Number of protein chains: 2
Amino acid sequence: MYKIFCVFVAGLLVLTTSAQGEHPNLVLTKDGVAAIRDGLGKYPLLDVTFNEAKRDVDASIAGGIEVPVPKDAGGGYTHEKHKHNYSVANKAGVLWQVLGEKKYAVFARDMLLKYAALYPSLGLHPEGVNSGSPGKVFWQSLNDAVFLVNMIQAYDAVYDFCNTKERKIIEDGLFRNAVKFNTVDCKKVFDMIHNHGAWNVAGVMMTGFVLGDSTMISHALNGSNLDKNSGFLALVNKLYSPDGYYIEGPYYLRYAYWPFGLTATAIANNLPLVNIFAYRDSVLLKAPLAMLQMTNPTGNFLPFNDAIKEKAWTSQEVISAVDIAYSHTEDTNLLYVAMQQGTVMLSAEGVKVAKAIAEGKAPKQFKRHSIVLRDGANGDEGGVGILRSGQDDDQMSIVMKYGVYGMEHGHYDKLSFMMYDQNKEIIKDYGAVRYLNIVQKRGGRYLPENKSFGKQTVAHNTMVIDEKSQYNANAKTAGDKHSNALYFNADDSNFQVMSAIDTTAYSGVSLWRTMAMFRYDMAAKPVIIDVFKAVSNEQHIYDLPYYYAGTLIETSIKYSANREWVPLGKKYGYQHLFNVADGTADTNNISFTWYLDKRFYTLLTTAVPVTEAFFVQVGATDPEMSLRPEKAFIIRNKNVSNYTVASVLEPHGEYNEPFEYVNGAYSNFKNISVVGDSENAVVVSVSTKDDREWLLNIDKGKATITRVK
Amino acid sequence: MYKIFCVFVAGLLVLTTSAQGEHPNLVLTKDGVAAIRDGLGKYPLLDVTFNEAKRDVDASIAGGIEVPVPKDAGGGYTHEKHKHNYSVANKAGVLWQVLGEKKYAVFARDMLLKYAALYPSLGLHPEGVNSGSPGKVFWQSLNDAVFLVNMIQAYDAVYDFCNTKERKIIEDGLFRNAVKFNTVDCKKVFDMIHNHGAWNVAGVMMTGFVLGDSTMISHALNGSNLDKNSGFLALVNKLYSPDGYYIEGPYYLRYAYWPFGLTATAIANNLPLVNIFAYRDSVLLKAPLAMLQMTNPTGNFLPFNDAIKEKAWTSQEVISAVDIAYSHTEDTNLLYVAMQQGTVMLSAEGVKVAKAIAEGKAPKQFKRHSIVLRDGANGDEGGVGILRSGQDDDQMSIVMKYGVYGMEHGHYDKLSFMMYDQNKEIIKDYGAVRYLNIVQKRGGRYLPENKSFGKQTVAHNTMVIDEKSQYNANAKTAGDKHSNALYFNADDSNFQVMSAIDTTAYSGVSLWRTMAMFRYDMAAKPVIIDVFKAVSNEQHIYDLPYYYAGTLIETSIKYSANREWVPLGKKYGYQHLFNVADGTADTNNISFTWYLDKRFYTLLTTAVPVTEAFFVQVGATDPEMSLRPEKAFIIRNKNVSNYTVASVLEPHGEYNEPFEYVNGAYSNFKNISVVGDSENAVVVSVSTKDDREWLLNIDKGKATITRVK
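Quick caveat: nothing in here was measured; it's all calculated off a predicted structure. (Residues numbered from 1 in each chain as written. Chains lettered and ligands numbered in written order. Predicted model: local features only at pLDDT ≥ 70, side-chain atom pairs only at ≥ 80, totals over all residues.)

A word on unusual backbone geometry
All names here are of chain A.
1) Next: Here the bond from His 23 into Pro 24 is cis, since omega is -5°, no more than 30 degrees from zero.
2) Next: Locating Pro 24 in the fold gives a position in the loop between α1 (2-21) and α2 (30-39).
3) Next: The phi angle at Asn 472 is positive, at roughly 50°, despite the residue not being glycine.
4) Next: Looking at the secondary structure, you find Asn 472 in the loop between β6 (464-465) and α18 (475-479). (Helix = DSSP H or I, 4+ residues; strand = E, 2+ residues; numbered from the N terminus.)

Pasting the structure below:
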């Protein structure tokens, strides 16, 4: 760390000169301006982006500048107006630089002057004043930080156009006040190791570069106490694992990487000696690549933690991540994403992407592969494993989560999994209970059911013990705990396996889950083998839910459907599940078959005569009718201390609707049983209806599978 | 009729010569064979189809012929095997004709010989024996009729290849027995005015043409009693309205037109003097065009009556309809559908389509327009009205149904409507309760809930009175009743309107619904105005459900959500609805806002202080968990005799997820009220929040709208 700090001190000296010399020099640079000028008319994606920016700014110039007194919450008029203002000011700066047409500089300058006039008069935002972290222009200080990041770029672009008097008005009225708000009023957020902190730091860092203010830069680098426990480098050190996994998961990385990417780019331009993109073994380049691997086949982010499932790599916040990462890595996989986004950054990075695409370098598909991402700053706090099989449109994948609790957006979901096939969710995670930007649903905020259901263990595909959530749903307890990775091995494409253990989620219970993706005898599709072992000295109720997508068409459980639906329990999320039907196993195996689109899925699982199954639907105790009617079956064993359950989940058959035929509607598997079970090893036998049999040997160090019949 | 009959008698003479002369001459003809030969290598769609047929047949030849003893129900092994056999035999015949390679003729002939050997030994199918209409090769006689239609085409193609002895074996063993089964054992079906009858008739007619058997032809034309109350012409006369509307609706027409199109083609080739495609003012060409207009924006058939919503124009049964219709009309709109189908008939008709597409004649979009389709053989039994606004991907449409009861696949849904926007359902019809071809769900048959829920009035978007279904859900009562069209006017694209009245569905109650699509002041999207007037001498409970798609985000009703869900009623479908929440109006207007994808929708409707609203979910009393959890709100007024309710349904705003902004999340409409209401006229005032106001004047002969403020 000492060495790094020295580098920064040296950098600051370089900066002092640089900032007083050249503008723009944050994300857009003089070279970037030249590259855009040169690329226009040549690279279609650049043209599209540039013309769209021009249309937007021209319309805004025609409409006149309006800087209303802040009043509305997210989604409301003043909120959307200020959002549009900072976006269009930033774009106008770019247009001024590229086209040299004065009207763009005038527009950006005048807007800056209006904000400079308004800003000093603002107290805390009326809609945010009772929240944890109100802003001034916006209801949340987070939005104010984003505002600053955009406005300072606009100012950087028109800096040379403004006269000294205007600069003083703008800097004193707007930027120094905004930095003060970010660093002093919002000191807690500024110093927070958190994506909100990253935005605050980004704005202050960039403002420091433009204003040539080394105090701002020092604060942004090392935290407001200059103790390096916070600030940009601390954020990079603490929020990312060595593999580029971000502590809050892919959905939040999508948003969090935005300030990281932009700030790193500004640092690269202003403090080139730091070599920020090489820092920590290039973790700031690993992160966007990891993030894109953590998407489902349609480019939506895996819905870990508080995630809105609609969010995909086409979201605007991912554009800079893709362009910055490509600019440094030239990984053509990124060009596929840029094409889906249909737009690029207006900067040297964006031009590079647009040029590569124009040269035909983009692949026809984004390639996803099996990947393990270690969690924790040192990579030793569990992780996320993704096994994938097949290519492109017919890739199947499973995701197991065994890392840390994802800060305040974490869920109590250790050892949970999700499955995708046919470009769709097959075993689902509910995600967040929130209607983003829908004002009528509590202003688009997280709904109470996010906490009471979305975060709870029973909302996930993992073991729930005694009808309670992991850590008793206590975020503080969960905060510093993590599962432990045992192994992840994807070398053999016909037998990929991952295994993890958790001893923290439930006091006195050790949980060990091993998931394999097994392509037996060169079958077209692999099957999932799922072995979940719980060890305890006490008897417990063990519930294992599977949230399936599709239509359940058969189960071996003799169930009875309830005429009236009542909640399955009272708390830990059970109050939100209706008991639709239930039954008890009368055999050693139970099966559940459903279909979705063109394929059937059967889960065959071990049972004992007292194994119960509940068929549940989400939606109970929902006073504002906010929950989606998702469906699950829950396998329950009670009055046992140790419990090992093994399942095989098989995709099978074909449902061809246009040509109206069905084949393979029944599973090929006949039996699954646990034939060996000790503290450190489990042996599972799986057999098909045509009497082939395999033994899966699992221990703490490896797993192997052998055909025995 | 007399004239037509004479034409047929003449035709029969022509035929007698023809059939003994030329083969093939059913759908595939000598000219068609020449056209295919000529087109191969030139027209990609023909190549694709031909090569696919070749692949299928080559694989089947390699696998050997298997003609198993019939055993399984739909979806089971022998069922699928026999289906594949008749399909591949038919294709092998085509390949023999086109390529002249002996192996294809041998394959088709040998399969015919195997069926000829098996058929005489068959009793009724074991899985069908207890059903109303068992087959021999298949569990349902319907499948046997389809089998015959395919097998006779295969035989026609290899007729010349077979020697006299083989012909005798095949004709005596298979075809004469199959015709006997169709006309004698299944006499009832054969003479039925119904799509099943059409298949039986098709097989017998074609067999008659190939065998030169005038008895078969006479039976097929005029019914087994030769009284012309049944048979092909009677089917055409009675099942189609003069506009080509088919009595069972578009979903069943999709299937029903298959035998009509093939039989008509065979008649055209064998009895050219009949000019069958000109018959009844070309009703057999109007029907496929009407059917394709009755699709939603993704090409799925409007789910009237018992309909599987997944069924789209890409289904194999629609291929011949499209090709035959194009062949006669050269309507290029059909080429778009053929491209979606990606395949053509292997006949002169298919070549013509493939050629036109290769010549670039296919449009970029299928054009749907506002259309009224009169129902009933004479066109005077109500109908179906479809209003459409906007083009292509942003077309909005509403569909109102006010025709006859659709035979045994009808629903009690008079004056119900559906709405589409954004290429999706917005106001939905449940369709049929059936999992087609899913063996595990009762062999893919209609489920009991189809009758107890799917058909019931409360499953539709129309008025339910006293919690009973129309006609007390009695099919016999409903059978000959129909609503009456008042008017349908789509001339003014800014104000399109349709109106219909029903006095048959509920004894003592007259129901009058008028629906307008009104593009006010050149707004981007029109609004729907819906005026529903019930008149009675008695007091009733009036329920009006709206099955919406999307997420309800706001309602002006102060509701309370129920902790336990119990069924809303005991019968007529109410037993399948859970009462999720309910409340009572405290204002003159109530509103419901939901969103789906990129747009918001608000229904603003008139209320009185006792108006109640129920928020319901489908899924109660569902012992096999077969129902989808669809949602609706039901507006209830009780203890009134006359009840007029007016609503405005507005699509509004934009939800842009990638760029995370929302605008127009609130409706522009402030008020709707009924300001005039008499026996024959209703006046409705509608006003916006910016105080524009319109008066909608409705009477029994017309509707007009005028801006008054």
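Let's talk about the confidence of the model for chain A
Close inspection of predicted coordinates is inappropriate in any region flagged by low pLDDT.
Residue and element names in this part refer to chain A.
1) Next: Averaged over every residue, the pLDDT of chain A is 94; the share at 70 or more is 97%.
2) Next: Every residue in residues 1-7 scores below 50 in pLDDT, and together they form four contacts with partners more than four places removed in sequence or on other chains.
3) Next: The low-confidence segment residues 13-19, where pLDDT is below 50, has 14 contacts with residues more than four positions distant or belonging to other chains.
4) Next: The complex model carries a pTM of 0.92, and its ipTM stands at 0.91. (pLDDT = per-residue confidence, 0-100. Contact = placed C-beta atoms within 7 Å.)

A short note on the domain arrangement of chain A
Residues and elements named next belong to chain A.
1) Next: Domain boundaries assigned for chain A yield domain 1 (2-358) and domain 2 (371-433 + 444-707).
2) Next: Contact residues are listed per partner, giving 26 residues for domain 1 and 28 residues for domain 2.
3) Next: Elements with a minimum of two residues in the side of domain 1 that touches domain 2: α11 (232-239) and α13 (279-293).
4) Next: When the residues that make up the side of domain 1 that touches domain 2 are grouped by side-chain class, the tally is eleven nonpolar, ten polar and five charged. (Domains from an automatic or database assignment. Nonpolar A, V, L, I, M, F, W, Y, C, P; charged D, E, K, R; others polar.)

Examining the pairing of strand β5 (residues 424-427) of chain B
All names here are of chain B.
1) Next: The pairing of strand β4 (residues 416-421) with β5 spans three bridges and is antiparallel. Note on β5: the bridge partner recorded for Tyr 420 is Glu 425.
2) Next: Connecting β4 to the antiparallel partner β5 that follows it, the hairpin turn spans two residues, and Gln 422 within it adopts a positive phi of roughly 50°. (Pairing = 2+ DSSP bridges.)

What to know about the packing of helix α14 (residues 319-329) of chain B against helix α15 (residues 333-341) of chain B
Residues and elements named next belong to chain B.
1) Next: Look at α14 against α15: their axes get within 10 Å of each other, and the N-to-C directions meet at 150°. In this view, α14 runs roughly antiparallel relative to α15, as classed from their interaxial angle. Pair α14 / α15 crosses with left-handed handedness. On α15, the residues that touch Ile 319, Val 322, Asp 323, Ala 325 and Tyr 326 of α14 are Leu 334, Leu 335, Val 337, Ala 338 and Gln 341. (Axes fitted to C-alpha atoms, helices over the stretch in contact; angles between N-to-C directions. Parallel < 35°, antiparallel > 145°, perpendicular 65-115°, else oblique. Left-handed = near helix turned anticlockwise from the far one by under 90°.)

Thoughts on the relation of the copies chain A and chain B
1) Next: For the pair chain A and chain B, the best superposition has an RMSD of 0.1 Å and corresponds to a rotation of 180° with a translation of 0.0 Å parallel to the axis. Those values place the two copies in the arrangement expected of a two-fold rotation axis. Closest approach to the rotation axis within chain A is made by the C-alpha atom of Trp565(A), at a distance of 2.5 Å. (Least-squares fit on C-alpha atoms with pLDDT ≥ 70 in both.)

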